[in-house]
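Commentary on secondary and tertiary structure
Given next are the chains, with one letter for each unit.
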Amino acid sequence: MVKWVFLCLLGLFSGNMAAQGIVRDSLGKWDNEPPAVVKFRRTPAYQILKSGVPLLLSSALAVTVDDPIFRARNQHLSKFSSEFDNYLQYAPLAAVFGMKLAGVEGRSTWGEMLTADVISAATMAGIVNGLKYTVKRKRPDSSKRNSFPSGHTATAFMAATMLYKEYGEISPWIGVGAYTSSTLVAVGRMMNNRHWMSDVLAGAGIGIMSTELGYFLSDLIFKKKTVKEILGSSTDYTEVHSSLDYSVGYSCLFPSVFRVNDKSTRAYGGVNTGISGGYYLKNGWGVGLQAHILSANLTGGQGVVGCTSFSVGPGYTKLLLPRLFWNSEVAIGYVDLLYNQESMHKGVSGTVGTSLIGQMTPTSALRLYADYMYTSCPLFESGKNLNYVSIGVAISALF
């Protein structure tokens with residue numbers, strides 16, 4: 001298990017190195033790539049999502065091993081306690097301002113950098129705190145119910161990405177140092193028994209994407225990129241695209257009232273996050289893959305109920321107006337019902353969904369969706385199976 005934790009954290013570090021391009025010189029050029037792939041790599045949507053989405057997907061998968069990692073930590077590091085992570089999270093940010101004050105020329109002027117940093121920090125704080133006080137996940141040390149996602153890790157990776165974007169061109173070692181320190185913060189949060197593995201993976205993804213979005217918007221504000229360049233006026237906005245999506249939504253569970261351990265409880269609405277993708281032909285027909293996590297708090301101090309699901313099925317997309325599309329999908333798959341992070345039942349699921357897709361740029365879109373999922377998993381002592389309705393929003397990378 002210790003080896004597994006090491007490999008996961010090594011993946012957190014090295015995967016982000018590769019995604020950001022820091023190790024590209026040592027690995028060689030990506031030769032012989034199709035022009036469409038090269039074009040997609042240069043789009044704003046790819047730059048914003050390229051590192052964050054894999055980390056968020058890893059977070060979803062890591063939920064299934066959070067408890068074994070927790071037990072391994074308690075077995076080998078039960079006495080560990082340190083505050084280094086409280087300070088190290090700010091080290092890349094201190095380096096950015098220190099180099100700027102020293103007159104080292106970077107990517108941005110003071111105004112551009114401060115604008116990007118403020119947008120990044122506001123975005124990161126809004127997402128992290130919104131999830132913390134909605135999901136209300138209990139920390140491994142049982143101190144509070146604000147574990148997911150890790151705010152320290154989000155701050156550290158946000159700051160590391162700021163340093164890399166400002167000064168990464170000077171030397172690849174700047175990026176290596178920035179992401180090494182942020183990975184150590186993630187390790188520290190787990191060693192201090194303050195966060196689960198899935199918490200720090202999600203925090204890292206949120207931190208990176210917040211900074212990418214901050215710099216993207218700063219470039220627009222200071223006209224380093226024009227709206228015309230991003231929107232691409234010559235693009236055909238009536239064409240059906242394939243996509244990769246990251247979604248956040250609100251779910252209502254049914255039945256909403258049931259019994260747990262002979263006590264009546266109610267499951268209020270929960271947070272539903274997921275990664276999905278679809279490959280669509282020009283005629284509108286295609287196939288989609290989905291991976292989702294649902295988490296909902298129970299009343300009466302009964303804990304948290306949730307489920308993870310993976311499904312696949314056909315879909316159809318229809319043009320309504322230029323830039324506006326309607327999509328519908330059906331899917332079947334696997335679902336795991338969880339209670340306080342422990343697997344209770346495994347079964348199959350069936351999902352029907354519909355969404356409106358607004359294409360913002362040639363390679364990005366916003367999607368408003370509504371889904372209904374039925375599962376074969378019995379919901380505790382209710383005598384009924386879990387099913388739920390979800391509504392939410394997704395950001396989509398189009399290709």
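Everything below is about the structure printed above this text.
1. Considering the sheet that holds strand β7 (residues 324-339)
- Strand order in the closed barrel formed by eight strands is β1-β4-β5-β6-β7-β8-β9-β10, and the pairing between neighbours is antiparallel. Across the sheet, the mean angle from the axis of one strand to that of its neighbour is 25 degrees, orientation sign disregarded.
- As paired strands, β7 and strand β8 (residues 342-361) are joined by 16 bridges and run antiparallel to one another. In the strand pairing of β8, glutamate 329 is matched with glycine 353.

2. Quick look at the side chain of asparagine 272
- Of note, asparagine 272 is situated in strand β4 (residues 270-280).
- Classification of asparagine 272 as buried rests on a relative accessible area of 3%.
- A distance of 3.3 Å separates a polar atom in the side chain of asparagine 272 from a polar atom in the side chain of serine 251.
- Side chain to side chain, asparagine 272 and histidine 292 meet in a polar contact 3.3 Å long.
- The residues contacting asparagine 272, other than those within four sequence positions of it, are Ser247, Val248, Gly249, Ser251, His292, Ile293, Leu294, Tyr369, Tyr388 and Ser390.

3. Remarks on the packing of helix α10 (residues 151-167) against helix α12 (residues 197-221)
- Between α10 and α12, the shortest axis-to-axis distance is 7 Å and the interhelical angle comes to 40 degrees. Put simply, α10 runs oblique to α12. The handedness of the crossing between α10 and α12 is right-handed. The residues of α12 that touch α10, namely those facing Thr153, Ala154, Phe157, Met158, Thr161, Met162, Lys165 and Glu166, are Val200, Gly203, Ala204, Gly207, Ile208, Thr211, Glu212 and Tyr215.
- Broken down by class, the residue content of the contact of α10 with α12 amounts to eight nonpolar, five polar and three charged.

4. A closer look at the environment of glycine 301
- You can see glycine 301 is positioned in the loop between β5 (285-297) and β6 (304-321).
- The exposed category is assigned to glycine 301, whose relative accessible area is 73%.
- Sequence-wise, glycine 301 and threonine 265 are 36 residues apart; in three dimensions their C-alpha atoms are separated by 8.8 Å.

5. A closer look at unusual backbone geometry
- Cis peptide bonds are those with omega within 30 degrees of zero, and the linkage from phenylalanine 148 to proline 149 qualifies with -10 degrees.
- Structurally, proline 149 can be placed in the loop between α9 (110-135) and α10.
- Of note, the phi angle at arginine 323 is positive, near 80 degrees, even though the residue is not glycine.
- Mapped onto the secondary structure, arginine 323 falls in the loop between β6 and β7.

6. As for the nonpolar core
- Grouped together as the largest cluster of nonpolar side chains are 43 residues, with contacts concentrated most on Leu56 and Met197.
- Of all the secondary structure elements, the ones that give two or more residues to this core are α4 (44-49), α5 (52-62), α9, α10, α11 (172-191), α12 and β4.
- With 18 residues, the next largest nonpolar core counts Leu294, Ala296, Leu386 and Tyr388 among its residues.

7. With respect to the side chain of threonine 265
- Position of threonine 265 relative to the elements: it lies in strand β3 (residues 263-266).
- Here the side chain of threonine 265 touches threonine 299 through a polar contact of 2.9 Å, landing on its backbone oxygen.
- Setting aside chain neighbours within four positions, we find threonine 265 in contact with Ser256, Val257, Phe258, Val260, Leu298, Thr299 and Gln302.

Parameters at a glance
Residues numbered from 1 in each chain as written. Predicted model: local features only at pLDDT ≥ 70, side-chain atom pairs only at ≥ 80, totals over all residues. Heavy atoms only, no water. Pairing = 2+ DSSP bridges. Helix = DSSP H or I, 4+ residues; strand = E, 2+ residues; numbered from the N terminus. Axes fitted to C-alpha atoms, helices over the stretch in contact; angles between N-to-C directions. Buried < 20%, exposed > 50% of the residue type's maximum accessible area, 1.4 Å probe, protein only. Polar contact = N/O pair within 3.5 Å; in protein donor to acceptor, adjacent residues only side chain to side chain. Contact = heavy atoms within 4.5 Å. Parallel < 35°, antiparallel > 145°, perpendicular 65-115°, else oblique. Left-handed = near helix turned anticlockwise from the far one by under 90°. Nonpolar A, V, L, I, M, F, W, Y, C, P; charged D, E, K, R; others polar. Core = buried A, V, L, I, M, F, W, Y, C linked by side-chain atoms within 4.5 Å.

Interpretation in functional terms is not warranted from these geometric data alone.
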